[in-house]
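# Observations on the three-dimensional arrangement
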Amino acid sequence: MSPRVYRVGRRCVGWLRWSVVLLPMLWIGAGASAAVLTGPIQAVGVAVAGRAGADLPRAVVLCRPDNLAPGDGGASLMLWWGLAGLLIFSLLAVLVVMLLRRQVKDRTRHLQDSEQKLATILDSVGAFIYIKGRDYRYQYANLHTLKLFDKPAGEVVGFGDSNLFDAATAAQLHANDRRVLEDGETLEAVEVNTQLGNGETRVYLSVKLPLRDADGAIHALCGISTDITERRKAEESLQLSATVFESFEGMIVTGPDKRILKANQAYARLTGYTVEELVGQTPRMLQSGRQDAAFYANMDGVLQSTGIWQGELWNRRKDGTEYPAWITITTVRSPGGDITHYVGTQTDISSRKAAEEEIRLLAFYDPLTGLPNRRLMTDRLQHSMQASARSGTGGALLFVDLDNFKDLNDTQGHGLGDQLLRQAADRLAGCVRQCDTVARLGGDEFIVLLEGLSLNTHEAAAQAETVGRTVLQALSQSYELDVMEHHSSCSIGIALYADAEGSVDELLKHGDMAMYQAKGAGRNTLRFFDPRTQADVTARTLLEAGLREALREGQFLLYYQAQISAQHGVLGAEALVRWQHPVRGLVAPAEFIPVAETSGLIVPLGAWILRTACLQLVQWAGAPATAHWTLAVNVSARQFRHSHFVDEVLGVLEETGANPQRLKLELTETVLLDDVEDTIERMEQLRRHGVGFSLDDFGTGYSSLSYLKRLPLDQLKIDQGFVRDLLTDPDDASIARTIVTLARSMDLGVIAEGVETQEQRDMLANLGCDTWQGYLFGRPGPVAALQTMAVPVPGA
């Protein structure tokens with residue numbers, strides 16, 4: 001039954017209800033009127049009225065009175081027929097009312113059943129279904145929605161989203177709902193909701209549509225939301241997997257028959273084939289032939305037993321080129337244990353192999369000459385000495401050092417020096433047999449390892465000497481370096497296996513000692529290890545012990561050598577340490593400083609020198625004639641690298657009260673060889689407190705000008721080696737001029753040491769160096785001798 005029919009039926013029922021009430025009243029009124037005319041008629045009317053449901057016409061005939069007037073018979077008959085008709089109509093109306101009531105009752109029960117069924121359906125649907133009014137409050141929520149909120153209907157219906165979700169979610173939902181309720185949109189949107197109760201965030205796909213009245217006005221919205229959180233995660237996971245598959249270098253998926261089902265673009269680029277060409281093929285198409293059948297059989301066995309294989313092999317691309325690849329194959333099995341797929345990854349390791357080879361070369365070979373380096377040479381020497389002991393043969397080690405190589409580097413640059421080293425390496429290799437080894441230790445030092453010599457010491461020495469003479473002659477020949485011709489020589493030290501008694505370190509020390517003996521003998525010669533040099537080693541050990549005692553007993557003292565300016569006279573001095581030995585007297589620094597360096601005693605000795613110098617600065621500061629003097633203190637590389645050096649300097653300055661601006665630390669270029677960045681940082685820390693720096697022996701080391709310009713220096717010091725032959729050697733004069741020019745360009749001061757003659761002083765002044773230090777102005781001595789010096793400059 002349609003709603004329209006239902007409404008019409010309801011109106012009919014209402015009309016019939018009124019008919020049932022009004023028609024009997026009309027019938028009673030008509031009966032009363034007839035009774036006025038005749039009494040029997042009233043009786044009949046009452047009787048008829050009392051018999052509801054009797055046969056009306058029959059009753060009328062039987063009760064008609066015989067004394068009616070002839071003129072009244074027609075009107076009375078019509079009245080009775082009218083009453084009978086009304087009665088019949090009333091009965092029919094009652095029947096219709098009863099029928100309509102039954103239909104309304106059935107329709108109501110049907111609607112209730114429909115509502116129950118609809119509620120059951122909505123509650124059983126997996127989606128969240130709800131209705132919100134124009135006040136954005138819930139009017140209905142299905143069971144699934146109530147379970148989501150974990151609330152009864154009474155705590156949801158009539159409430160808004162702010163009671164159920166956090167502020168951000170409520171604002172998002174309100175904006176979406178407004179588009180439906182205000183703009184009449186049918187909205188489909190992804191909503192990310194966070195509940196207040198548990199703080200859980202879920203993702204929903206929501207469809208919201210407006211609900212309209214009969215006149216089309218929107219009175220509510222109906223929303224249907226589906227939880228797509230897991231689906232979203234799955235989609236993201238699939239997308240990530242697809243991205244990884246395409247971005248991973250060289251990946252394929254094969255079936256159990258190892259035929260390629262899928263390959264990514266990286267794999268295609270790596271092999272040179274297209275993806276279409278690869279699909280349906282097996283990886284065997286890439287085999288280079290370098291691995292035999294046993295290799296691949298072992299691969300299959302490992303896959304079957306462990307489910308994974310990793311290894312390195314050589315493959316061949318489509319164009320025929322071969323490349324090393326790192327392969328990983330993983331077996332994929334079903335829950336039942338059957339193999340369903342193989343997943344393989346392939347990485348081109350050509351770059352890694354090249355890097356490994358380069359690392360190997362760097363680790364065992366000299367990059368400049370291509371000769372074995374110290375590590376490889378030491379390893380070969382160890383094996384050679386062991387083989388010599390087993391076979392009963394002899395051997396020898398030649399230490400070869402190029403003479404005056406430093407001069408070439410300093411005057412002509414490292415480029416020409418490198419050319420000389422390469423040519424010397426080639427000549428050395430041409431002087432020995434195939435079984436011998438030529439190695440470069442570093443700098444201009446080489447080692448020649450001679451094997452298979454006579455077991456007889458004298459014969460082995462003669463054989464080694466023959467090779468040594470050949471080397472001397474080969475390396476003394478002129479070298480063609482770019483557009484210039486250069487002459488050089490070498491010094492060779494020879495140590496026999498028999499002298500070392502099987503010790504590699506002992507043999508190396510013997511060879512080194514012999515080489516220095518050759519240097520001391522005037523160079524361009526060779527010397528065998530002399531056991532007497534062992535006495536020098538012993539003396540060095542005793543000297544180290546004496547140094548330790550001297551530090552404990554306070555046997556050191558400072559001498560001072562004046563530093564002179566052409567304009568201002570004495571500017572200060574350089575502090576030079578002396579050892580007042582209780583037996584030997586004054587020990588020269590050249591004798592004990594190297595031992596202090598190698599033993600590490602230079603660190604405590606340097607600390608003593610620094611503290612003593614600062615105390616002297618404090619004493620000078622008290623006298624007007626010396627208050628402006630500065631004091632230069634030499635700092636060794638080992639002392640400068642000490643972890644607490646900066647703190648020690650600052651601590652001594654604070655403890656003594658010395659003016660840091662009067663303290664000048666002299667560093668050598670060897671300080672730069674280890675860690676330039678750390679050197680700059682340490683210098684900057686001290687510079688911020690006023691401490692100055694001078695670069696000592698400039699031009700004798702291997703420092704780079706690119707590093708030099710970054711150093712916070714105040715002064716360059718021309719080494720006395722350049723000053724000594726300044727008047728006779730044009731190269732030394734050129735170097736001195738270059739240093740002065742460089743210092744001026746970098747806004748640095750410059751001082752020359754080792755000035756012994758008036759001519760040297762004048763030459764330096766002409767070159768632009770007007771600050772000097774040397775015997776011309778006074779030898780190093782006690783502080784009292786320095787303070788008595790006259791202010792005027794000698795010779796000025």
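Residues numbered from 1 in each chain as written. Predicted model: local features only at pLDDT ≥ 70, side-chain atom pairs only at ≥ 80, totals over all residues. Heavy atoms only, no water.

Where strand S3 (residues 187-194) lies against strand S4 (residues 201-212), eight bridges are found, and the strand directions are antiparallel. Looking at S4, one finds that Glu 188 is bridged to Val 207. Counting the residues that bridge the hairpin from S3 to S4 gives six residues, and of these Gly 199 lies at a positive phi of roughly 70°. Bridge count between S4 and strand S5 (residues 218-227): nine bridges; the pairing is antiparallel. Following the sheet pairing, Ser 206 is matched in S5 by Ser 225. As consecutive antiparallel partners, S4 and S5 are separated by five residues, and within that stretch Gly 216 has a phi angle of approximately 90°, a positive value. (Pairing = 2+ DSSP bridges. Helix = DSSP H or I, 4+ residues; strand = E, 2+ residues; numbered from the N terminus.)

Think of a sheet as strands paired side by side through backbone hydrogen bonds, with each pair either parallel or antiparallel. Read across the sheet, five strands follow the order S12-S13-S11-S16-S17 without closing on themselves; strand pairing throughout is mixed. In this open sheet, the two strands that pair with only one neighbour each are strand S12 (437-442) and strand S17 (526-528). Adjacent strand axes in the sheet meet at a mean angle of 20°, parallel and antiparallel pairs treated alike. Pairing analysis gives three bridges linking strand S16 (residues 490-496) to S17, with the strands arranged parallel. Directly across from Ile 492, in S17, lies its bridge partner Leu 526. Contacts between helix H17 (residues 504-520) and the sheet are confined to strand S11 (394-402), strand S13 (445-453), S16 and S17, with S16 contributing the most and set at about 145° to the helix. (Axes fitted to C-alpha atoms, helices over the stretch in contact; angles between N-to-C directions. Contact = heavy atoms within 4.5 Å.)

The next point concerns empty space enclosed by the protein. Inspection of the entire model under this criterion finds two cavities of 30 Å³ or more. Lining the largest cavity are 15 residues; nearest its centre among them are Tyr 130, Tyr 138, Phe 165, Asn 193 and Ser 225. Breaking the lining of the largest cavity down by element, the ones donating at least two residues are strand S1 (128-133), helix H5 (143-149), S3 and S4. Of the residues in the lining of the largest cavity, the class split is eight nonpolar, three polar and four charged. (1 Å grid on protein atoms, 1.4 Å probe; cavity = no way out; pocket = protein on both sides within 12 Å on 5 of 7 lines; lining within 4 Å. Points joined across faces, edges and corners; volume = space filled by probe spheres on them. Nonpolar A, V, L, I, M, F, W, Y, C, P; charged D, E, K, R; others polar.)

Moving on: the sheet that holds S3. Within the open sheet, the five strands sit side by side as S2-S1-S5-S4-S3. Their pairing is antiparallel. This sheet does not close on itself; its edge strands, each paired only once, are strand S2 (138-141) and S3. Averaged over neighbouring strand pairs, the angle between their axes works out to 30° when direction is ignored. In this fold helix H6 (residues 167-181) packs onto S1, S3, S4 and S5, with an angle of close to 160° to the strand it touches most, S3.

So, on to a nonpolar patch on the surface. Together, Ile 88, Leu 92, Val 94, Leu 95 and Met 98 line one region of the surface with nonpolar side chains, adding up to about 480 Å² of accessible area. Within the secondary structure layout, Val 94 lies in helix H4 (residues 73-124). (Patch = residues over 30% accessible without salt bridge, like charges linked within 9 Å, V, L, I, M, F, W, Y side chains within 5 Å. Areas by Shrake-Rupley, 256 points an atom, 1.4 Å probe, with all protein chains shown as cover. Salt bridge = Lys/Arg side-chain N within 4 Å of Asp/Glu carboxyl O.)

Right, let's get into the confidence of the model for the chain. Residue-level pLDDT values for the chain average 83, and 86% of them are 70 or greater. In this model residues 1-6 is a low-confidence stretch, pLDDT under 50, and it forms six contacts with partners more than four residues away in sequence or in other chains. Within the model, pLDDT remains below 50 along residues 790-796, and this stretch shows 16 contacts once partners closer than five positions in the same chain are excluded. (pLDDT = per-residue confidence, 0-100.)

Even without a glycine there, the phi angle at Lys 258 is positive, about 70°. Overall, the relative accessible area of 27% leaves Lys 258 in the partly exposed class. At Arg 523, a residue that is not glycine, the phi angle is positive and equals roughly 70°. Within the secondary structure, Arg 523 is located in the loop between H17 and S17. (Buried < 20%, exposed > 50% of the residue type's maximum accessible area, 1.4 Å probe, protein only.)

What follows deals with the side chain of Arg 317. Within the secondary structure, Arg 317 is located in the loop between strand S8 (308-316) and strand S9 (322-333). Of the polar contacts made by the side chain of Arg 317, one reaches the backbone oxygen of Leu 270; its length is 2.8 Å. Excluding residues within four positions of it along the chain, Arg 317 makes contact with Leu 270, Thr 271, Tyr 273, Glu 322, Tyr 323 and Asp 348. (Polar contact = N/O pair within 3.5 Å; in protein donor to acceptor, adjacent residues only side chain to side chain.)

A rise of 1.5 Å per residue sets the reference length of H17, with its 17 residues, at 24 Å; its end C-alpha atoms lie 24 Å apart and thus fit the reference within 8%. Turning to H17, its buried residues are Val 504, Leu 507, Leu 508, His 510, Gly 511, Met 513, Ala 514, Met 515, Ala 518 and Lys 519. N-cap assignment for H17: the residue whose side-chain oxygen lies 3.2 Å from the backbone N of Glu 506 is Ser 503. Gly 522 occupies a position one or two residues after H17 and carries a positive phi of about 110°. (Expected span 1.5 Å × (residues − 1).)

So, about helix H15 (residues 457-475). Under the 1.5 Å per step criterion, the end-to-end length of H15 is 27 Å for 19 residues, consistent within 8% with the ideal 27 Å. Of the residues making up H15, those classed as buried are Ala 460, Ala 461, Ala 464, Val 467, Gly 468, Val 471, Leu 472, Ala 474 and Leu 475. Burial along H15 is one-sided: seen end-on, the buried residues are contained in an arc of 160°. Exposed and facing more than 90 degrees away from the buried side of H15 are His 458, Thr 466 and Gln 473. For H15, the secondary structure elements touched by its buried residues are S11, helix H14 (414-429), S13, strand S14 (479-481), S16 and S17. With a side-chain oxygen lying 2.9 Å from the backbone nitrogen of His 458, the N-terminal cap of H15 falls on Asn 456. (Arc of directions from axis to C-beta.)

A few words now on the environment of Val 587. With respect to the element layout, Val 587 can be found in strand S20 (residues 585-587). Not counting the four nearest positions on each side in its chain, Val 587 is found in contact with Trp 579, His 581 and Phe 592.

So, on to the layout of surface pockets. Roughly 1200 Å³ of volume is contained in the largest pocket. Residue lining of the largest pocket: 36 residues in total, with Glu 574, Leu 576, Asn 634, Asp 696 and Asp 697 positioned closest to the centre. Of all the elements in the fold, those that place two or more residues in the lining of the largest pocket are strand S19 (569-581), helix H19 (589-599), helix H20 (602-621), strand S21 (630-634), helix H21 (637-640), strand S22 (663-668) and strand S23 (692-698). Its residues assigned to classes, the lining of the largest pocket comprises 14 nonpolar, 12 polar and 10 charged.

Okay, the pairing of S1 next. Within S1, five of the six residues are buried, leaving the element largely enclosed by the surrounding structure. As judged from the six bridges shared by S1 and S5, these two strands associate in the antiparallel manner. By the bridge assignment, Ile 131 is partnered in S5 with Cys 222. Relative to S2, S1 runs antiparallel, the two being bridged by three bridges. From the neighbouring strand, Lys 132 faces S2, where its bridge partner is Tyr 138.

Our focus in this paragraph is the pattern of salt bridges. The tally for this structure, following the rule as stated, stands at 36 salt bridges. Ionic pairing is found between Lys 519 and Asp 403, a salt bridge with its closest N-O pair at 2.9 Å. In this pair, Lys 519 is assigned in helix H17 and Asp 403 in the loop between S11 and helix H13 (405-412), connecting sequence segments 116 residues apart. For the pair formed by Lys 519 and Asp 403, the shared burial category is buried. The partner of Asp 714 in a salt bridge is Arg 687, with the nearest N and O atoms 3.3 Å apart. Of this pair, Asp 714 sits in the loop between helix H24 (705-708) and strand S24 (715-718) while Arg 687 sits in helix H23 (residues 676-687), placing them 27 residues apart in sequence.

Its location among the elements puts Leu 187 in strand S3. Note on Leu 187: relative accessible area 6%, which makes it buried. The sequence separation of Leu 187 and Val 207 amounts to 20 residues, and the corresponding C-alpha distance is 5.6 Å. Leave out the neighbours within four places in its chain, and Leu 187 touches Asn 176, Arg 179, Val 180, Ser 206, Val 207 and Lys 208.

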